Amino acid sequence: MSLDGAAAPASQERGADANPLPPENPSGGSQVSHSNGNNGSVNGISQPDALAVVPLYATHRLRLNPYSDHKPENYEDLDLDFSPLVFTSLERYLPPNLILQTRDVKVSYMRDILVRYYPENERVRLQKHREYRQKIISNYQRLHRELYTMHAADFFVPSFLKAINENTETGFRNIMSEPSPGVFTFEMVQPRLCEMLLAEVENFEKWVHETKFRIMRPNTMNKYGVVLDDFGMETILDKVMEDFIRPISKVFFPEVGGSTLDAHHGFVVQYGMDRDVDLGFHVDDAEVTLNVCLGKQFSGGELYFRGVRCENHVNTEIQSEEIFDYVHVPGRAVLHRGRHRHGARATTSGNRTNLLLWCRSSVFRELRKYQKDFSNWCSECEREKKERQRQSVSAIKLELLRREAGETAT
């Protein structure tokens, strides 16, 4: 979600610093403080060849294009360092000589790749965080147990469920508005879900206060709010990402891993005169962000969007066509790329609470390491590409004119 602004979690299990951007410049400028197996063959390689020697660790790479017809293994029964969904997503991108290997071999290969992102000290931290979660879950008394086994028909509006069941671009566009390129808004949750989530969060905060239990906030930019994953909602939010957000993202955000979302960070943020008031200009640590306003009564707190940028261009100026402000409506969702620069204006009265789901793709993050051109989603990369093409065309025209002039003189 466009985290109604916030810092990005350092891992799929915990929020850390977001990537904040300096305050928006009224003149339009901005700076970001740098914060398929087929009949015994695979891709034309015979099965014996495909079962050849597994590459050494130093050569561990994923394919750029997945085996779309390959059915990945199920990894749910294994005791793994990472989410089973991550391994299922990565498997389609394995090199030809691994796609037909045993599950154990594939797990080992994929884990070696994942470990690059999570060194030993990070894995130790993750283990401590799991213990922290377990301590909360073992002691916190849930208020609305049905929230933890969410039934879609009870919590989502019929139009949203109908579009998900159709699973077509036309069906999605029928319920969505796209007021600015790449920013989609739509009715998503019923008032009952908003009320129950608000009550559950208030109940959790009350338990925290009474027990003096020190909890981790969603990120370092928000002093108020809770990580829903930490007190038992991780499984249900995984399902929300997999069954509802991924199908939409596959259609509208394929260039940033929308079809391979396999991890999330789910949390609630709270704004008001006695809480956080606003949120600075930033980008999310997510490929796709879902932001749902839960309520209550409030004024202000608008989201402002200012263009999609890759890491190399996050500090570049705002273009006039990229300026868009969005007013929150309880029950209504906003979906956008995590790299869409945005912030939240001050909530001037009342209290506003938003549910945020940062959705990530381990496949996209691995492949991004080997790419240099992001013009299919970064607006500044696209502008630079068009400018290079314009200069190339101009140079060709100039050369042709020179030749014609020379021939005429002769």
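Residues numbered from 1 in each chain as written. Predicted model: local features only at pLDDT ≥ 70, side-chain atom pairs only at ≥ 80, totals over all residues. Heavy atoms only, no water.

1. A short note on the packing of helix 6 (residues 158-166) against helix 9 (residues 234-252)
What describes two packed helices is the angle between their axes and the distance between those same axes. At a minimum axis distance of 10 Å, the contact between helix 6 and helix 9 shows a crossing angle of 65°. Between helix 6 and helix 9, the angle falls in the class roughly perpendicular. The two elements helix 6 and helix 9 meet at a crossing, and its hand is left-handed. Along its contact with helix 6, which presents F160, L161 and I164, the element helix 9 presents D243, F244 and I248. Counted by class, the contact of helix 6 with helix 9 contains five nonpolar, no polar and one charged residues. (Axes fitted to C-alpha atoms, helices over the stretch in contact; angles between N-to-C directions. Helix = DSSP H or I, 4+ residues; strand = E, 2+ residues; numbered from the N terminus. Parallel < 35°, antiparallel > 145°, perpendicular 65-115°, else oblique. Left-handed = near helix turned anticlockwise from the far one by under 90°. Contact = heavy atoms within 4.5 Å. Nonpolar A, V, L, I, M, F, W, Y, C, P; charged D, E, K, R; others polar.)

2. Some words on the packing of aromatic side chains
What the rule picks out here adds up to 20 aromatic pairs. Considering the side-chain rings of Y140 and F231, the 5.7 Å spacing of their centres and the 80° angle between planes classify their relative orientation as edge-to-face. Placement of Y140 in the loop between helix 4 (120-139) and helix 5 (152-155) and of F231 in the loop between strand 9 (225-227) and helix 9 is noted, with a sequence separation of 91 residues between them. Using a relative accessible area of 5% as the deciding quantity, one classes Y140 as buried. Here the aromatic rings of F374 and W377 are separated by 5.5 Å at their centres, their planes lie at 55°, and the arrangement is tilted. Among the aromatic residues, those joined into a cluster by ring pairs are Y132, Y140, F204, W207, F213 and F231. A cation over an aromatic ring shows up here: R142 above the ring of Y148, its NZ or CZ 3.9 Å from the ring centre. (Phe/Tyr/Trp six-rings, centres within 6.5 Å; stacked < 30°, edge-to-face > 60°. Buried < 20%, exposed > 50% of the residue type's maximum accessible area, 1.4 Å probe, protein only. Lys NZ or Arg CZ within 6 Å of the ring centre and 35° of its normal.)

3. Thoughts on the pairing of strand 16 (residues 332-337)
Burial of strand 16 is extensive: six of the six residues sit out of reach of the surface. Strand direction decides the pairing type here: strand 8 (residues 183-187) and strand 16, joined by four bridges, are antiparallel. In the sheet register, E187 faces strand 16, and the bridge partner there is R332. Pairing geometry for strand 12 (residues 288-295) and strand 16, over five bridges, is antiparallel. In the sheet register, T289 faces strand 16, and the bridge partner there is H336. (Pairing = 2+ DSSP bridges.)

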